[in-house]
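Reading the structure
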Amino acid sequence: MQPYEKILSYNKAWAAKQISEDPDYFNRMAEIQEPEFLWIGCSDSRVPANLITGTKPGEIFVHRNVANLVIHTDLNLLTVLEYAVQYLKVKHVIVCGHYGCGGVKAAMTQHNFGIINKWIRSIKDVHRIHQEEVDKINDEESRLARMVELNVQEQVMNLAKTSIIQKAWKQRHYPHLHGWVYGIDNGLIQPIFEMAAGTPIGPLYKFDDL
Ligand code: CO
């Protein structure tokens, strides 16, 4: 059996098992989704949102990209954010990075990765903003770990800089924004940064006519 055939065959068995345990399962799923969470995570195959958070289908709305970035010109991210916040009215937005992230690691080198340079360029900005702190760390692994944490923090702040989040905070005082980092080697999530609704935003980034 080809590996992709294995996936299809697992899917058949899984669907049958769901129905045998709960005959109404898929009927319920097909009706509506009301997730409380939006997850913005890394595309890394070792960080599956549902599995590591114990959330079931219907509970978490997921967007993933390389190095879990929130870039204000990324139409894909903006569409997911607008839909999750404005229509699904999620209560929490989680940016979840992970230690050992290849995207962050790549951005800390001077290597030319071709088109990937353009995507990871903003991580170099994170490095520049926190250069004094980061470059003081001698151990390479610890330096990358700190950059992963700071990247998550900056992405949460990038969320707060969007008119989408600022409008939701003004209208209904949520969602709460979280920055987490997942440890691939121990399976544990560390909350490292958060912004409650209404957290003051610097005047440069604040919109006053939402
Ligand atoms: Co990654």
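Residues numbered from 1 in each chain as written. Predicted model: local features only at pLDDT ≥ 70, side-chain atom pairs only at ≥ 80, totals over all residues. Heavy atoms only, no water.

1. Here's the deal with the state of the cysteines
Keep this limit in mind: In this description, a disulfide is simply a cysteine sulfur pair whose atoms lie within 2.5 Å. With a 1.4 Å probe rolled over the protein chains alone, any residue whose accessible area is under 20% of its type maximum counts as buried; one over 50% counts as exposed, and the rest are partly exposed.
This structure, assessed with the given rule, holds zero disulfides. Looking at the unpaired Cys-96, the closest cysteine sulfur is the one in Cys-42, lying at 9.5 Å. Classification of Cys-96 by relative accessible area gives buried; the value is 1%.

2. Considering the sheet that holds strand S3 (residues 92-98)
Going by this rule: Two strands pair if DSSP finds at least two bridges between them. Numbered from the N terminus, helices here are DSSP runs of H or I no shorter than four residues, and strands are runs of E no shorter than two. Comment: axis = line fitted to C-alpha atoms, over the contacting stretch for helices; angle = value between 0 and 180 degrees taken between N-to-C directions.
On the basis of which strands lie adjacent, the open sheet formed by five strands has the order S2-S1-S3-S4-S5 and mixed pairing. Edge strands, defined here as strands with exactly one partner in the open sheet, are strand S2 (60-65) and strand S5 (189-195). Taken pair by pair, the neighbouring strands of this sheet meet at an average axis angle of 20°, ignoring direction.

3. With respect to the pattern of salt bridges
Rules: Whenever Lys or Arg places a side-chain nitrogen within 4 Å of a carboxyl oxygen from Asp or Glu, that contact is recorded as a salt bridge.
Inspection of the entire model under this criterion finds seven salt bridges. Put simply, Glu-21 and Lys-17 hold a salt bridge, and the shortest N to O gap is 3.4 Å. Of this pair, Glu-21 and Lys-17 both sit in helix H1 (residues 3-21), separated by four residues, roughly a single helical turn. A salt bridge links Arg-146 to Glu-133; its shortest N-O distance comes to 2.4 Å. Residue Arg-146 is located in helix H8 (residues 140-160), and its partner Glu-133 is located in helix H7 (residues 131-135); the two are separated by 13 residues in the primary sequence. Its relative accessible area of 33% is what places Glu-133 among the partly exposed residues.

4. Digging into the packing of helix H4 (residues 75-87) against helix H9 (residues 163-172)
Our working definition: Throughout, the term roughly parallel applies to angles under 35 degrees, roughly antiparallel to angles over 145, roughly perpendicular to angles from 65 to 115, and oblique to all others. Throughout, a residue-residue contact means that at least one pair of heavy atoms, one from each residue, lies within 4.5 Å. We call Asp, Glu, Lys and Arg charged. Ala, Val, Leu, Ile, Met, Phe, Trp, Tyr, Cys and Pro are nonpolar, and the rest, Gly among them, are polar.
The N-to-C vectors of H4 and H9 enclose an angle of 5°; their axes lie 10 Å apart at closest approach. Put simply, H4 runs roughly parallel to H9. Residues Leu-78, Leu-81, Glu-82, Val-85 and Gln-86 of H4 form the contact with H9, whose own contacting residues are Ile-164, Ile-165, Ala-168, Gln-171 and Arg-172. Residues of the contact of H4 with H9, tallied by class, amount to six nonpolar, two polar and two charged.

5. Some words on the packing of aromatic side chains
Keep this limit in mind: Planes of paired rings set the category: under 30 degrees apart is stacked, over 60 is edge-to-face and the rest tilted, where pairs are Phe, Tyr or Trp rings (Trp by its six-membered ring) whose centres lie within 6.5 Å. Charges are assigned to positions over rings by a cutoff of 6 Å between ring centre and Lys NZ or Arg CZ, combined with an angular limit of 35 degrees from the ring normal.
Counted by the stated rule, this structure contains six aromatic pairs. With centroids separated by 6.5 Å and ring planes inclined at 90°, the aromatic side chains of Trp-14 and Tyr-25 adopt a geometry described as edge-to-face. Here Trp-14 is found in helix H1, whereas its partner Tyr-25 is found in helix H2 (residues 25-31), with eleven residues between them in sequence. Using a relative accessible area of 28% as the deciding quantity, one classes Trp-14 as partly exposed. Geometrically, the ring pair formed by Tyr-25 and Phe-26 is edge-to-face, given 4.9 Å between the ring centres and 85° between the ring planes. Judged by relative accessible area, which is 9%, Tyr-25 ranks as buried. Taking relative accessible area as the criterion, Phe-26 reaches 31% and is therefore assigned partly exposed. Cluster of aromatic residues (ring-pair linked, three or more members): Trp-14, Tyr-25 and Phe-26. One Lys or Arg, Lys-161, reaches over the ring of Tyr-205 and ends 4.2 Å from the middle of that ring. The positively charged end of Arg-172 is found above the aromatic ring belonging to Tyr-174, 5.5 Å away from the centroid.

6. Topic: the pairing of strand S1 (residues 37-42)
The two faces of a sheet get side chains in turn, since along a regular strand they alternate between them. The buried fraction of S1 amounts to five of the six residues, a majority that puts the element mostly inside the structure. Here five bridges tie S1 to S3, and the two strands are oriented parallel to one another. Considered in S3, the bridge of Trp-39 is made with Ile-94.

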